[in-house]
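Below, each chain spelled out in residue letters.
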Amino acid sequence: MGKDIAKDLLAWYSKQGRDLPWRKTRDPYRVWVSEIMLQQTRVETVIPYYERWMARFPSVKQLAEASREDVLRLWEGLGYYQRAHNLHAAAQTVMEQHGGLLPGEVAELERLPGIGRYTAAAIAAIAFNTDTLALDGNLRRVLARLIDLTVEPRSTEGERALRQWGPEQLPRGRASAFNQALMDLGAMVCTPRGPACERCPLSMHCLAFKRGVQDQRPVRSEKRRTPQFHAAAGVICRGGKVLIARRPEGKLLGGLWEFPGGRRERGETLEECLMRELREELDIEVEVGPPLGTYSHAYTHFRIQVHAFACSMPHGEPTLLEHEALAWVYPTDLANYPMGKIDRAISGDILQGGEC
Ligand code: SF4
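The structure presented is a predicted model; accordingly, all values stated were derived computationally and were not measured. (Residues numbered from 1 in each chain as written. Predicted model: local features only at pLDDT ≥ 70, side-chain atom pairs only at ≥ 80, totals over all residues. Heavy atoms only, no water.)

(A) Molecular detail of empty space enclosed by the protein. Here the structure, examined in full by the defined rule, presents two cavities of 30 Å³ or more. A volume near 120 Å³ is recorded for the largest cavity. Taken together, 15 residues form the lining of the largest cavity, with Leu146, Cys190, Cys197, Cys200 and Cys206 sitting closest to its centre. Considering every element that reaches the lining of the largest cavity, the biggest residue donor is helix H9 (residues 137–146), with three residues. Split into classes, the residues belonging to the lining of the largest cavity amount to 12 nonpolar, two polar and one charged. Each pocket or cavity is described by its volume, and for the second largest cavity that value is around 50 Å³. (1 Å grid on protein atoms, 1.4 Å probe; cavity = no way out; pocket = protein on both sides within 12 Å on 5 of 7 lines; lining within 4 Å. Points joined across faces, edges and corners; volume = space filled by probe spheres on them. Helix = DSSP H or I, 4+ residues; strand = E, 2+ residues; numbered from the N terminus. Nonpolar A, V, L, I, M, F, W, Y, C, P; charged D, E, K, R; others polar.)

(B) Representation of the layout of surface pockets within the structure. Quantified by volume, the second largest pocket comes out at close to 560 Å³. Elements with a contribution of two residues or more to the lining of the second largest pocket: strand S1 (228–238), strand S4 (261–263), helix H13 (270–282), strand S6 (303–312) and helix H14 (341–353). If one sorts the elements of the lining of the second largest pocket by residue count, H14 sits on top with four residues. Considering only residue class, the lining of the second largest pocket consists of 14 nonpolar, four polar and nine charged.

(C) Quick peek at the environment of Ser347. Within the secondary structure layout, Ser347 lies in helix H14. The buried category is assigned to Ser347, whose relative accessible area is 3%. Beyond its immediate sequence surroundings of up to four residues, Ser347 is in contact with Phe259, Leu334 and Met339. Within the structure, the side chain of Ser347 is placed 3.0 Å from the backbone oxygen of Arg344, a separation counted as a polar contact. (Buried < 20%, exposed > 50% of the residue type's maximum accessible area, 1.4 Å probe, protein only. Contact = heavy atoms within 4.5 Å. Polar contact = N/O pair within 3.5 Å; in protein donor to acceptor, adjacent residues only side chain to side chain.)

Next up, the structure:
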């Protein structure tokens, strides 16, 4: 069975596989960058970022030597910023400990910052053709349907079944094409909702399809509700400049600049929240003025709505208590400071509205 699956899958892949920019080469650095960018992010979103990144940092050496600010500026908008910090740190480790060449063994790759079990397997398979299967959510779904797995793929039993059956289908010496073929099948044909079984090259081998249960696979656990939070941010202007602060590394959006503020606590109004946050974070007293806008964003585990307010600070100077750095910036210069999606939207509105 394994041989037939591989044969049919690879034949389909050679004709229908996606033409993606990182597939023009097997350069391990390029495969690595693409795999990190693709975590939690759609291919269409990644392509322009990948191309800009490669134009600016065409090698591990150039990435290792870049400033953190430069790295974050190029990553801005792609989200999950810890990925950028880890890529940067790992490039420095590769220069110092591996002579600038990414190692080819899964265990060695896993020792680098930001490279987990899946990414290590993906790099080893795609770039080095190591006989291994890179099992992520996409591949788990495809394999779970092929064997009609009746338990959750991530349960101990499900994981064991997939990790045993999957590699048995892998044709030795073809790991690079085989993994990418499965990735493409999951993205283009065996999609999460409404798999296109009628044009699937593996329908002859697929147990879920034979039993007509493909829409019920993979088995899913009940989803928990995503919590929602409200937060307030202050746009504090003085002498035509606005105050921004850099978030500490290691925290969500670490190293990025923001308009200071924070999460509302139970029973607080947004204005009270903002005054308390600015007192705690910067040791300043502000007068909260009119609202400037409301901005929403969904992270993996929660959603947040940020309410921005114009603020004035009649006296005092902000103190660095919880941030890494503070800066008073002309609104026209805000583009030079890497920011998360919400703060970038606020800075766009400041520019448009002529605040400060
Ligand atoms: Fe997925 Fe359908 Fe193909 Fe089975 S036949 S692998 S369910 S697309």
